[in-house]
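Geometric and topological summary
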Protein chains: 4
Amino acid sequence: MKQRKQIIDEMKERVFKANLKLPELGLVVLTWGNVSEINRELGVIVIKPSGLDYSQMTSSQMVVTDMEGEPLEGGLKPSSDLKSHVILYQHFEEISAIVHTHSRYAVSWSQSGRDLPVYGTTHADTFYGPVPTTRQLNNDEVDNEYEMNTGKVIVKTFQERQLSPLAIPGILVNGHGPFTWGANPNEAVENSLVLDEICSMAQLTETIMTSDNFLPQYVLDKHYFRKHGKNAYYGQK
Amino acid sequence: MKQRKQIIDEMKERVFKANLKLPELGLVVLTWGNVSEINRELGVIVIKPSGLDYSQMTSSQMVVTDMEGEPLEGGLKPSSDLKSHVILYQHFEEISAIVHTHSRYAVSWSQSGRDLPVYGTTHADTFYGPVPTTRQLNNDEVDNEYEMNTGKVIVKTFQERQLSPLAIPGILVNGHGPFTWGANPNEAVENSLVLDEICSMAQLTETIMTSDNFLPQYVLDKHYFRKHGKNAYYGQK
Amino acid sequence: MKQRKQIIDEMKERVFKANLKLPELGLVVLTWGNVSEINRELGVIVIKPSGLDYSQMTSSQMVVTDMEGEPLEGGLKPSSDLKSHVILYQHFEEISAIVHTHSRYAVSWSQSGRDLPVYGTTHADTFYGPVPTTRQLNNDEVDNEYEMNTGKVIVKTFQERQLSPLAIPGILVNGHGPFTWGANPNEAVENSLVLDEICSMAQLTETIMTSDNFLPQYVLDKHYFRKHGKNAYYGQK
Amino acid sequence: MKQRKQIIDEMKERVFKANLKLPELGLVVLTWGNVSEINRELGVIVIKPSGLDYSQMTSSQMVVTDMEGEPLEGGLKPSSDLKSHVILYQHFEEISAIVHTHSRYAVSWSQSGRDLPVYGTTHADTFYGPVPTTRQLNNDEVDNEYEMNTGKVIVKTFQERQLSPLAIPGILVNGHGPFTWGANPNEAVENSLVLDEICSMAQLTETIMTSDNFLPQYVLDKHYFRKHGKNAYYGQK
């Protein structure tokens, strides 16, 4: 059995590399993003430190916390968005990694307040339905425990619309930006990339289209289940 | 006479390199694209494996199939879009290579459901007329043999509109994205690049233009035939 | 105590590096930008020379002037926008560095004549309210001491709207482009990057949005003061 | 006195390097561009060969022609747009180099058929007034001596509107794309870059702006003459 320390070191390495991928993929400028990973057996979350320059950051600086987001090792302060991650991990038991960015196209949709419609198979390959945009938080939710309430409004949006976080691995927070998740940091980053790309495509499509042209439900089914679930046949194995 | 094995190895090399060009040219992120080549004399098609990371891929992993798309050598699974390629090769006898991508601007037009109008000579240099967008597939076509039916709706679109796959070396599949083709993998990739570029230009033009300004037919004729056919005078030789 | 020469050499180095960052970050093509820094104790301003190729420029070529913008060392001519910087330094005593660019999205907003509305937290993290656009200068202001009057219209805009240059570290000059500032050249460059990014996001948001969706004042408060002022908790320390 | 051969070799080198700059600056994909230079004393024009891959091209392959565009040295075929260049050189005696590209934003404006309005000082720094778009060529002009007539419609546009090719160093050919010029290949390339950039900015501005906001004539005067003519004070010396 692997030692606790070794497992956590590997988490730090994955979280570190996933954070570096964000600027590489053009999803983050400056320090506008963070990645975390959870290990529920060990009871730990690993997340990027707050406001650190990506070019200076090292793997060992990743912050280790317990399941409530309390730091376990001292060191640097965790990302200020940590409490949002904690809430998502508590309610979305199927997920093991979370990414938050301010990527241009996903933020632009978030700022519009609209859900992201399904216009094509690029969307359907990863998101099984429209990507929801949350409501705006109210004054009280912002003044008290803002980051926790950001997590809660995401969870509530999924509950009220009866959505599955596995089927829709991301959301747009109104006036803020995207959160995505996955089975590991890499998958969560890929979902951020997909979400930004389909936000850009949808924006362009709406400027081109002269009458509504949503993707039919049966194409959404086909493309999503071609890649996901027990009958998937995309990719190797 | 070249050995069968040598010819197939050269096909693999060309298909491999053409696949790598797609992310280099900004036409593909993640694994969103595939290139194939056919050799009708040998009765083989070579295509990218399904869902493989471009940075890990090697030339020898390219998948060899017969003319129906049945793998001949074992190894990896072919691209899930292979059956669309097979149908196009069966009906478009003039073409030897096919490219499918989810490039941003061509997908955005595909999602709009509109044909791509001819607004300029950049378009006319490669596509002799509007680039058609197919109709949406119906429920039955999607549930049964989806990839084959994607190929068939492309072929039907060309037949119904009496278009030549040589004169219009690509199409937009409604709600999905572009397919292009050519005499070899390189030419098919170039046609993908041109299609994405002219989709972006047309989108911008429509936001600028205050009254319709389609390219006159005689300029389309001039530019297309300046580069194609027996009276071409563009390029060397 | 550091020698005057050493302090000025360090200013030159910071101004030089900050200028080079502008093309690296995609904020400047050709010679369309300039950075300056002031040291009020020493009574000197250091600024980029006028119209010099970034790839040829050296740290020692940075121009040193007095507090009125009069060159102190001979050498190259200072940036033609120097007099705008001088006016800003005279009236905004809290700032120590200024950046001017012709970055694409910030210029596009400047050219529209509209203020930049607050649509999201990306904006709120750096600018505490809408980014103002100045009025157009009148004929007289342009014909006589144009660059000085550009500085003056910026100052007047802040005065008339009772804005603080610390809370709003930048402005859009009508028909021209952005000026940003900060505590040092690096911070002023970052504010230019943020301003260009939020201009692009706002433009996209307005094409997506179907009804107004401004960021509520309490979210603006929350995000701005999460990063700024004595109760800030973003970042380390 | 320099030898004829040496002067021509230096022209070839300049034309070659200017051609390579086009893809570097993102103004050209594939082979969509060409640069030429004229030496009126020697009676020669040097231009890029037709349809050659930029990555394979060498300086010595640049094509030398007489003042009518007739090749003087054998070798490769000149760019198919050569005759347009010849006409421009014959009528615009102040210019020594020409660039033609299919850069995305300038082509998009060309395709709209509209002149490019002056919305800002980025425009005014290089183009002293709106950049004209030609009329479409008629059927006859396209069928007979198309490239020559492309040159002629550019010249006619300048004559009819009483524009100076020094004050407006470029034009948009309707449905086609931009031609720019200058005192040398480098300056002509820079003018292409400026034109593409201001076309993008103008497109964005029009989507943002809620009421017309053209640059006042006196600001156009100020900015243009700050950089051009005997009272210029931008740049060194």
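Residues numbered from 1 in each chain as written. Chains lettered and ligands numbered in written order. Predicted model: local features only at pLDDT ≥ 70, side-chain atom pairs only at ≥ 80, totals over all residues. Heavy atoms only, no water.

Some thoughts on the overall build of chain A
We apply this condition: Elements are defined by DSSP. Helices are runs of H or I of four residues or more, strands are runs of E of two residues or more, and each kind is numbered from the N terminus. To get the radius of gyration, use the C-alpha atoms; to get the globule rule, take the number of residues to the power 0.38 and multiply by 2.2 Å. Exposure is judged per residue with a 1.4 Å probe applied to protein chains only, and the accessible area is read against the type maximum: over 50% gives exposed, under 20% gives buried, and values in between give partly exposed. The criterion used for residue contact is that any of the two residues' heavy atoms lie within 4.5 Å. Note on areas: Shrake-Rupley, 1.4 Å probe, and residue coverage restricted to the protein chains presented here. A residue counts as positive if it is Lys or Arg and as negative if it is Asp or Glu; His and the chain ends are not included. A charged residue contributes its charge at one atom only: NZ of Lys, CZ of Arg, CG of Asp or CD of Glu.
The number of helices and strands found in chain A is eight helices and six strands. Traced from its N-terminal end to its C-terminal end, chain A shows the element sequence α-β-β-β-α-β-α-α-α-α-β-β-α-α. Whereas a compact globule of 237 residues would reach a radius of gyration of roughly 18 Å, chain A reaches 18 Å, a difference of no more than 12%. Taken over 237 residues, chain A has a buried fraction of 61%. Long-range pairs, those at least 24 residues apart, make up 64% of the contacts in chain A between residues at least 6 apart in sequence. Surface accessibility of chain A: about 9,200 Å² in total, with carbon and sulfur atoms responsible for 49%. The positive charge centre, built from 22 side chains, and the negative charge centre, built from 29, are 5 Å apart in chain A.

Focus on the interface of chain D and chain B
Selection criterion: Two parts placed together each lose some accessible area; with a 1.4 Å probe, that loss summed over both constitutes the buried area. Salt bridge, as applied in this entry: a Lys or Arg side-chain nitrogen positioned within 4 Å of an Asp or Glu carboxyl oxygen. For this analysis, a polar contact is any N or O atom pair within 3.5 Å, provided that within protein one partner can donate a hydrogen and the other can accept it, and provided that sequence-adjacent residues contribute only side-chain to side-chain pairs. Polarity classes work like this: nonpolar for Ala, Val, Leu, Ile, Met, Phe, Trp, Tyr, Cys and Pro, charged for Asp, Glu, Lys and Arg, and polar for all others, with Gly in that last group.
The partner chain B presents 32 residues to the 36 residues of chain D that form the contact. Here chain D and chain B share an interface that buries about 3,100 Å² over both sides, 53% of which is from carbon and sulfur atoms. Sorting the residues of chain D by area buried against chain B places W32, R104 and Q111 of chain D first, and these three jointly supply 22% of that buried surface. The interface formed by chain D and chain B contains three salt bridges. A salt bridge links R226 of chain B to E147 of chain D; the nearest nitrogen and oxygen atoms lie 2.7 Å apart. Scanning the region where chain D abuts chain B turns up 22 residue pairs in polar contact (both at pLDDT 80 or more). Those elements that place two or more of their residues in the side of chain D that touches chain B are α3 (104-112), α5 (139-143), α6 (146-160) and α7 (185-208) of chain D. By residue number, the principal contributor to the side of chain D that touches chain B is α3 of chain D, which donates eight residues. Residue composition of the side of chain D that touches chain B, by class: 12 nonpolar, 18 polar and six charged.

Looking at the sheet that holds strand β5 (residues 170-173) of chain B
Residues and elements named next belong to chain B. Operational definition: Strands were regarded as paired on the criterion that DSSP finds at least two bridges between them. To get an axis, fit a line to the C-alpha atoms, keeping to the stretch in contact for a helix; angles then go from 0 to 180 degrees between the N-to-C directions.
The sheet built from six strands is open, its strands ordered β3-β2-β1-β4-β6-β5 with antiparallel pairing. Looking at the sheet topology across the chains shown, the edges are occupied by β3 (63-65) and β5. If you compare each strand with its neighbour and ignore which way they point, the axes differ by 20 degrees on average. Where strand β4 (residues 97-101) and strand β6 (residues 177-182) come together, four bridges link them in antiparallel fashion. Residue A97 lies in a different strand from β6, and its bridge partner there is G182.

Brief notes about the pattern of salt bridges
For the structure on display, the rule yields 47 salt bridges over all chains. Between E73 of chain C and K12 of chain C there is a salt bridge whose closest N-O contact spans 3.2 Å. Of the two residues, E73 of chain C is situated in the loop between β3 (63-65) and α2 (82-91) and K12 of chain C in helix α1 (residues 4-24); the sequence distance between them amounts to 61 residues. R226 of chain D is the partner of D81 of chain C in a salt bridge, and the nearest nitrogen-oxygen pair spans 3.5 Å. Of this pair, D81 of chain C sits in the loop between β3 and α2 while R226 of chain D sits in helix α8 (residues 217-227), on two different chains. Through salt bridges that share partners, D81 and E147 of chain A together with R226 of chain C make up one connected network.

Considerations on the relation of the copies chain D and chain B
Selection rule: Least-squares superposition aligns the copies on the C-alpha atoms of those residues with pLDDT at or above 70 in both.
Overlaying chain D on chain B yields an RMSD of 0.0 Å, the required transformation being a rotation through 90 degrees with an accompanying axial translation of 0.0 Å. Both copies of the chain, as the preceding transformation shows, are related through a four-fold rotation axis. Among all residues of chain D, the one whose C-alpha sits closest to the rotation axis is T207 of chain D, at a distance of 5.6 Å. Of the residues that chain D buries at the interface, just 3% are likewise interface residues in chain B, meaning the two copies contact each other through different surfaces.

Examining the arrangement of the chains
The two units chain B and chain C remain apart, with a minimum C-alpha distance of 11 Å. What separates chain A from chain D at the closest point of their C-alpha atoms is a distance of 11 Å, and the two make no contact.

Details of the nonpolar core
How we decide: Among buried residues, those of type Ala, Val, Leu, Ile, Met, Phe, Trp, Tyr and Cys that are joined through side-chain atoms within 4.5 Å constitute a nonpolar core.
Counting residues in hydrophobic clusters, the biggest one holds 39 residues, and the most contacted among them are L88, F92, L116, I154, F179, W181 and L195 of chain A. Only β2 (44-47), α2 (82-91), α3 (104-112), α6 (146-160), β5 (170-173), β6 (177-182) and α7 (185-208) of chain A together with α7 (185-208) of chain C provide two or more residues apiece to this core. When residues no more than four places from it in sequence are discounted, the contact partners of L88 of chain A are I95, I98, G151, I154, V155, F179 and W181 of chain A.

A few points about the interface of chain B and chain A
In this assembly, 36 residues from chain B lie in contact with 33 residues from chain A. With both chains or domains summed, chain B and chain A bury close to 3,100 Å², and 53% of this area falls on carbon and sulfur atoms. Contact with chain A buries surface across chain B, with W32, R104 and Q111 of chain B losing the most and accounting together for 22% of the total. Linking E197 of chain A and R104 of chain B is a salt bridge whose minimum nitrogen-to-oxygen distance equals 3.1 Å. For the interface between chain B and chain A, the tally reads 22 residue pairs in polar contact (both at pLDDT 80 or more). Those elements that provide at least two residues to the side of chain B that touches chain A are α3 (104-112), α5 (139-143), α6 (146-160) and α7 (185-208) of chain B. Of the residues forming the side of chain B that touches chain A, the biggest block, eight residues, is contributed by α3 of chain B.

Some details on the relation of the copies chain B and chain A
Each copy of the sequence occupies a distinct position, and chain B is placed on chain A by a rotation of 90 degrees and an axial shift of 0.0 Å, giving an RMSD of 0.0 Å. Taken as a fraction of all interface residues of chain B, those also at the interface in chain A reach only 3%, which identifies the copy contact as different-surface.

Some details on α3 of chain A
All names here are of chain A. Across the nine residues that make up α3, a large majority, nine, are buried. Of the positions making up α3, those classed as buried are R104, Y105, A106, V107, S108, W109, S110, Q111 and S112. Directly after α3, the chain includes G113, whose backbone phi takes a positive value near 80 degrees.

Describing the confidence of the model for chain A
How we decide: A score from 0 to 100, pLDDT tells how confident the predictor is in each residue.
Summing up the model confidence of chain A, the mean pLDDT is 96 and the portion of residues at 70 or higher is 99%. Of the two predicted TM-score estimates for the complex, the pTM is 0.97 and the ipTM is 0.96.

Quick look at the side chain of T134 of chain D
With respect to the element layout, T134 of chain D can be found in the loop between α4 (121-124) and α5. Engagement of the side chain of T134 of chain D in a polar contact is seen with the backbone nitrogen of N174 of chain D, the distance being 3.0 Å.

Considerations on the pairing of strand β2 (residues 44-47) of chain C
Residue and element names in this part refer to chain C. Residues V44 and V46 of β2 are buried on one face, and the alternating residues I45 and I47, pointing to the opposite face, are buried as well. In this sheet, β2 lies alongside strand β1 (residues 33-39) in antiparallel orientation, the contact comprising four bridges. Pairing of E37 across the sheet is with V46, part of β2. Connecting the antiparallel pair β1 and β2 is a turn made up of four residues, with G43 showing a positive phi of about 75 degrees. Bridging between β2 and β3 involves three bridges; their strand directions are antiparallel. In the strand pairing of β3, I45 is matched with T65.

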